Amino acid sequence: MTQPSTHPTRVAVLGASGRMGAAACAAVEDAPDLELVARIGREDDLESAVEAGAEVAIDLTVPSATAENVRRLVEHGIHAVVGTTGWTEESLAALRTQLADAPAVGVLIAPNFAIGAVLAMRFAEIAARYYDSAEIIEMHHENKLDAPSGTARHTAAAIARGRAEAGLGPVPDATEKDPDGARGAVVDGIHVHAVRQRGLVAHEVVQFGGEGEQFVLRHDSFDRISFMPGVLLGVREVAAHPGLTVGLDGYMDLG
Ligand code: NAP
């Protein structure tokens with residue numbers, strides 16, 4: 001855990017006028033141990049966060065901007081908590097290289113800040129050992145650009161790890177004909193079904209099946225406020241975790 005600080009941690013929010021950014025600004029303002037010192041939008045210079053003395057910056061911008069934002073934050077010794085999607089193996093590798101020369105700086109890249117979604121991924125990895133069948137259904141709002149979701153991909157990878165540890169082979173499936181892709185995408189050997197529907201926010205169902213039983217894990221984010229406890233956990237912990245951490249579970253004691 002981080003040591004208690006004598007002053008509120010000074011926080012900048014990048015993407016402050018976006019949906020997530022606005023919620024993050026409100027959450028930081030409501031936290032007595034944090035102080036919001038800069039709201040950065042697309043037109044603002046990131047230098048204003050430096051001038052405001054930000055110690056931690058939250059990046060909730062767009063995939064095309066986030067890597068350069070984080071590069072500049074690390075350059076200035078500012079810890080970064082990043083929820084923006086779009087990171088690639090190449091951009092993560094470049095960040096790791098930069099962080100090697102900035103050993104005191106921490107960066108958290110969290111594909112999902114919802115505590116329940118992170119727990120569901122962990123629980124899915126444990127359950128995967130005990131069931132022959134496993135499938136994922138992810139459901140999101142109609143404006144989501146990518147499918148399947150990053151969380152569903154990570155969940156599939158976690159299930160695949162659990163199955164491999166238990167020595168389980170491929171999931172049983174006799175499908176021979178599926179010209180329209182009704183069985184969904186296959187990620188790490190796990191079928192993933194993506195639903196896009198107006199009214200939804202972010203939802204995931206993981207179904208496990210064994211002889212005569214079904215076990216279901218479900219997580220629903222009904223509102224962006226559900227991401228804020230995870231954002232604040234990241235802000236409070238990032239300075240105590242130098243280097244790059246991918247996934248909020250890196251800051252949670254999940255065994
Ligand atoms: P949004 O409403 O479109 O907000 C993005 C904001 O970033 C906009 O206000 C945009 O300004 C601003 N922006 C763009 N380039 C910028 C730059 N270079 N510097 C500063 N601000 C910049 O999107 P959102 O729904 O809030 O989501 C933001 C990101 O968080 C997305 O990548 C989304 O996938 C991700 N997300 C993550 C989680 C999680 O749990 N990790 C959960 C939900 C969403 P303009 O309006 O001027 O373009």
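Definitions and limits used
Residues numbered from 1 in each chain as written. Predicted model: local features only at pLDDT ≥ 70, side-chain atom pairs only at ≥ 80, totals over all residues. Heavy atoms only, no water. Near = heavy atom within 4 Å. Polar contact = N/O pair within 3.5 Å; in protein donor to acceptor, adjacent residues only side chain to side chain. Areas by Shrake-Rupley, 256 points an atom, 1.4 Å probe, with all protein chains shown as cover. Nonpolar A, V, L, I, M, F, W, Y, C, P; charged D, E, K, R; others polar. Pairing = 2+ DSSP bridges. Helix = DSSP H or I, 4+ residues; strand = E, 2+ residues; numbered from the N terminus. Axes fitted to C-alpha atoms, helices over the stretch in contact; angles between N-to-C directions. Contact = heavy atoms within 4.5 Å. UniProt positions renumbered as here; feature names shortened; annotations may be inferred.

Trainee: Describe the site of the ligand, naming the residues involved and giving the relevant values.
Mentor: Within the structure, the ligand sits among 20 residues, and Arg-19, Met-20, Arg-42, Ala-110 and Phe-113 are positioned closest to it. Contact distances for the ligand include 3.3 Å between an oxygen atom and a backbone N or O atom of Thr-85. The backbone of Pro-111 places a nitrogen or oxygen atom 3.2 Å from a nitrogen atom of the ligand. Across the complex, the protein chains shield 75% of the 930 Å² of accessible surface that the ligand would expose by itself. The residue inventory of the shell around the ligand, partitioned by class, reads nine nonpolar, nine polar and two charged.

Trainee: I'd like to hear about the sheet that holds strand S9 (residues 202-210), residue by residue, with values.
Mentor: Spatial ordering of the open sheet is given by S7-S8-S6-S9-S10, a layout of five strands whose pairing is mixed. Of all strands in the sheet, those bounded by a partner on one side alone are strand S7 (185-187) and strand S10 (213-221). The average angle at which neighbouring strand axes cross in this sheet is 25 degrees, direction not considered. Where S7 lies against strand S8 (residues 190-196), three bridges are found, and the strand directions are antiparallel. Bridge assignment links Ala-185 to a residue of S8, and that residue is Val-192. Packed onto the sheet, helix H5 (residues 115-127) meets S9 and S10 and runs at close to 160 degrees relative to S10. On top of the sheet, helix H6 (residues 150-165) reaches strand S6 (133-140), S7, S8 and S9; it is set at about 170 degrees to S6, its chief contact.

Trainee: Mind laying out the UniProt feature "binding site: (S)-2,3,4,5-tetrahydrodipicolinate" (unreviewed entry) in the protein chain, listing which residues take part and the relevant values?
Mentor: In this structure's numbering, the residues bearing the UniProt feature "binding site: (S)-2,3,4,5-tetrahydrodipicolinate" (unreviewed entry) are His-141, Gly-150 and Thr-151. Following the sequence through the fold, Gly-150 ends up in helix H6. One can find Thr-151 in helix H6.

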